[in-house]
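Observations on chain architecture
Residues per chain, in single letters:
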Amino acid sequence: MRKLCIAAVLTAILFAGQTFAGEKFRMAVVVKIGGIPWFNSMEEGINREAPKQNVDAWQIGPTSADPALQVRAIEDLIAQKVDVIGVVPNDLQVLEPVLKRARDAGIKVIVHEGPEQINKDWDFELVSVQYYGEEHIKRFAELIGKKGKYAVFVGSLTVPLHNAWADVAIEYQKKHYPEMELVADRFGVSESMDDTMRTANELLAKYPDLKGILTFGSQGPIGAGRAVMQRGKADDVVVFGAFSAGQGERLVKQGAIKGGFTWSPLVAGEVFIRIGRMLMDGTPIEDGMTIDGMGTVTVDKENRVILGQELESLDIDNIDRLVEMGL
């Protein structure tokens, strides 16, 4: 009898704070900003996958791309004692302390678009930073004739992944396309269509020979595309970068956006839930395994990053298919 009691106590300790495989748990995903098509699609993916995985899940979208609002949302989730927090970070350093508090409270943390984020269980990326940055600059360079002035837009100067992509793209340009000239340091505007339009118009006025705008951030191509349309420069200035297919379809067909590469934010929302389930069930995440929506993954255990390699081309030949998919 004494041995049975000891065994029961040890079992209770072992499974304290854990769910059994398939047991329901609570998970919230804090995105960079609410109300824009990219994160609306991510929310759809979360809502679609959650019941399949028996997860009570929801998305939180701050009213602006302000890291402080993300901190406030995560603090609230810690107080609610959720089981898993997902986050698409606006600022790695600002989020570091609050994510530590979450993990200290026994909450699992999954990050997307923040491979260098400290205090996470895992970050997942549907494509590697190097591949994404290089594919964008290679196609962009071809479109502008591999020479001339260009500008780079990112969501903000603190959004980690946008700036990592920009770093890769600019470095590749300097090595491979010496006749291309970056007119100024990157502009942190492309989470806002209005900010992007204003900045694009200012650049087009200042540099009448500007050949193109390479943009990372879902509102960047939309705002820049509208600016070049308004100025009658769609045939002269190449706008290239990732955006929501449904939002940008008309501008692509008008020639104001020449294309870009993306992954599906809807699939990213689904993957948040799948990885949350894996963590709560104690499923090992191993190099070479298959995760639905990511394919065969590369796993960096030291840096806690899971990499897929899934890209879609946002050009005139593919845009209708992506719109039909709800992207």
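Refer to the structure above for everything that follows.
Presented here is a report on the structure given in the accompanying data block.

The subject of this paragraph is helix H8 (residues 220-230). In terms of residue burial, H8 counts as a mostly covered element, since eight of its eleven residues are buried. Listed in full, the buried residues belonging to H8 are Gly 220, Pro 221, Ile 222, Gly 223, Ala 224, Gly 225, Ala 227 and Val 228. Its buried side turned inward, H8 meets strand S6 (148-154), helix H7 (193-206), strand S9 (210-215), strand S10 (238-241) and helix H9 (245-253). Following H8 by one or two positions, Gly 232 has its phi on the positive side, about 65°.

Okay, the packing of aromatic side chains next. In the structure shown here, the tally under the stated rule is eleven aromatic pairs. Between Phe 153 and Phe 187, the ring centres sit 5.8 Å apart and the planes meet at 85°, which makes this aromatic pair edge-to-face. Note that Phe 153 is positioned in strand S6 and Phe 187 in strand S8 (residues 187-188), a separation of 34 residues in sequence. Both rings, one in Trp 165 and one in Phe 216, keep their centres 5.8 Å apart while their planes meet at 45°; by these two values the pair is tilted. Of this pair, Trp 165 sits in helix H6 (residues 160-176) while Phe 216 sits in the loop between S9 and H8, and the two are 51 residues apart along the sequence. Trp 165 sits in the buried class, given a relative accessible area of 3%. Given the relative accessible area of 1%, Phe 216 is considered buried. Taken together, the ring pairs connect Trp 38, Tyr 132, Trp 165, Phe 216 and Trp 263 into an aromatic cluster. Between the NZ or CZ atom of Arg 304 and the centre of the ring of Trp 122, over which it lies, the distance is 3.9 Å.

Where burial is concerned, the two faces of strand S2 (residues 55-60) differ: the one with Val 55, Ala 57 and Gln 59 is buried and the one with Asp 56, Trp 58 and Ile 60 is not. When strand S1 (residues 25-30) meets S2, the two strands line up parallel, connected through six bridges. Within S2, the residue paired with Ala 28 across the bridge is Trp 58. Taken together, S1, helix H2 (residues 37-49) and S2 form a β-α-β motif whose crossover is right-handed.

Procedures and definitions
Residues numbered from 1 in each chain as written. Predicted model: local features only at pLDDT ≥ 70, side-chain atom pairs only at ≥ 80, totals over all residues. Heavy atoms only, no water. Buried < 20%, exposed > 50% of the residue type's maximum accessible area, 1.4 Å probe, protein only. Helix = DSSP H or I, 4+ residues; strand = E, 2+ residues; numbered from the N terminus. Contact = heavy atoms within 4.5 Å. Phe/Tyr/Trp six-rings, centres within 6.5 Å; stacked < 30°, edge-to-face > 60°. Lys NZ or Arg CZ within 6 Å of the ring centre and 35° of its normal. Pairing = 2+ DSSP bridges. Right-handed = clockwise from strand over helix to strand, strands pointing away.

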